[in-house]
Amino acid sequence: RRNRRLKSSDDLVPSRADQLDAYRSAIRADLREVLEAGSAFLGNAGRLDEADVTRELDEVMASVADWAIDPLRKKLARVVDANEDTSPDRSELVDRLRATYREWRNDRIAELSGDVATLAFSRGVMAAAEPGQKLCWVVDHGGLPCPDGEDNQLAGPVTVGDEFPTGDLCPPAHPGCRC
């Protein structure tokens, strides 16, 4: 709110790395439990060592950055770039930024949380699989399966670590996918 000249949204928004660290510290313990549940689902509970867990959590957090942090940063940048508030306290800009965070929290985070949990579970299944084991993609028939999920299911069993036809290693194929 201070009366200083803004050069870019980077003057107001924490860095991508700082935001990722904040998300990581907030959800790491929960993601670890979900990852271990995926491992147990396959019947290989306890197969993951600390290096496996760290590697898989890093992969999940990379998706958190792609699905949550990057879009939010872009939206915040648009709000700052479109700012025409010249008042000393920049109250209009502050209100718009708050509204953007509120919208993100209320409309996107719940859905993205499900996507991240699905990914962590799937990564746990993959990490616990035996070398050469084959896994199938399963679509959610309770909802509307996406075309990517249907294509991956039609491929049949795929060796763990190999890509499905869409180039994905495991569900979800994209944010909002419930395969």
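Just above, that's the structure.
Residues numbered from 1 in each chain as written. Predicted model: local features only at pLDDT ≥ 70, side-chain atom pairs only at ≥ 80, totals over all residues. Heavy atoms only, no water.

Details of the overall build of the protein chain
Then, in step 1: Across its full length, the protein chain carries four helices and two strands.
Then, in step 2: Order of helices (α) and strands (β) in the protein chain, N terminus to C terminus: α-α-α-β-α-β.
Then, in step 3: Classification of the 179 residues of the protein chain by burial places 37% in the buried group.
Then, in step 4: Sequence-distant contacts in the protein chain: of pairs separated by 6 or more residues, those separated by 24 or more amount to 73%. (Helix = DSSP H or I, 4+ residues; strand = E, 2+ residues; numbered from the N terminus. Buried < 20%, exposed > 50% of the residue type's maximum accessible area, 1.4 Å probe, protein only. Contact = heavy atoms within 4.5 Å.)

Comments concerning the layout of surface pockets
Over the atoms, a rolled probe matching the size of one water molecule traces out where space is still vacant.
Then, in step 1: Size it by volume and the largest pocket reaches roughly 330 Å³.
Then, in step 2: Listing elements by their share of the lining of the largest pocket, those giving two or more residues are α3 (91-128) and β2 (158-159).
Then, in step 3: A breakdown of the residues in the lining of the largest pocket according to their chemical character gives 15 nonpolar, four polar and one charged. (1 Å grid on protein atoms, 1.4 Å probe; cavity = no way out; pocket = protein on both sides within 12 Å on 5 of 7 lines; lining within 4 Å. Points joined across faces, edges and corners; volume = space filled by probe spheres on them. Nonpolar A, V, L, I, M, F, W, Y, C, P; charged D, E, K, R; others polar.)

Details of the packing of helix α1 (residues 16-41) against α3
Then, in step 1: Across the interface, α1 lies against α3 with an axial gap of 7 Å and an inter-helix angle of 40°. In terms of orientation, α1 and α3 fall into the oblique class. Crossing of α1 against α3: the hand is right-handed. Side by side, α1 and α3 meet where Gln19, Tyr23, Leu31, Val34, Leu35, Ala37, Gly38, Ser39 and Phe41 of the first sit next to Tyr101, Trp104, Ile109, Val116, Ala117, Ala120, Phe121, Arg123, Gly124, Val125 and Ala128 of the second.
Then, in step 2: Broken down by class, the residue content of the contact of α1 with α3 amounts to 15 nonpolar, four polar and one charged. (Axes fitted to C-alpha atoms, helices over the stretch in contact; angles between N-to-C directions. Parallel < 35°, antiparallel > 145°, perpendicular 65-115°, else oblique. Left-handed = near helix turned anticlockwise from the far one by under 90°.)

Structural notes on α3
Then, in step 1: Across its 38 residues, α3 extends 52 Å between first and last C-alpha, which sits within 8% of the 56 Å expected from 1.5 Å per residue.
Then, in step 2: At arginine 108, α3 is bent by approximately 45°, the largest bend along its length. (Expected span 1.5 Å × (residues − 1). Bend = angle between axes of the 7 residues up to and from the residue.)

Points about empty space enclosed by the protein
Then, in step 1: Summed over all chains, the structure comprises one cavity of 30 Å³ or more.
Then, in step 2: As a volume, the largest cavity reaches approximately 40 Å³.
Then, in step 3: Contributions of two or more residues to the lining of the largest cavity are made by α1 and α2 (50-81).
Then, in step 4: The residue makeup of the lining of the largest cavity, split by class, is three nonpolar, no polar and three charged.

Focus: the nonpolar core
For soluble globular proteins, nonpolar side chains are generally found buried alongside one another.
Then, in step 1: Of all hydrophobic cores here, the largest spans 30 residues; its most connected members are Leu31, Val60, Leu97 and Val116.
Then, in step 2: Mapped by element, the contributors of at least two residues to this core are α1, α2 and α3.
Then, in step 3: For this core, the element with the most residues is α2, which contributes 13 residues.
Then, in step 4: Residues Trp137, Cys146, Phe164 and Cys177 belong to the second largest nonpolar core, which totals seven residues. (Core = buried A, V, L, I, M, F, W, Y, C linked by side-chain atoms within 4.5 Å.)

With respect to the pattern of salt bridges
Then, in step 1: All chains considered together, the criterion is met by 11 salt bridges.
Then, in step 2: Between glutamate 50 and arginine 28 there is a salt bridge, with its nearest N and O atoms 4.0 Å apart. In this pair, glutamate 50 sits in helix α2 while arginine 28 sits in helix α1, placing the two residues 22 residues apart along the sequence.
Then, in step 3: In this structure glutamate 50 comes out as partly exposed when scored by relative accessible area, which is 42%.
Then, in step 4: A salt bridge links glutamate 36 to arginine 32, with the shortest nitrogen-to-oxygen separation between them at 3.2 Å. One end of the pair is glutamate 36 and the other is arginine 32, both in helix α1 and four residues apart, which spans about a single turn.
Then, in step 5: We classify arginine 32 as partly exposed; its relative accessible area is 25%.
Then, in step 6: Each of Arg28, Arg32, Glu36 and Glu50 takes part in one network of salt bridges that share partners. (Salt bridge = Lys/Arg side-chain N within 4 Å of Asp/Glu carboxyl O.)

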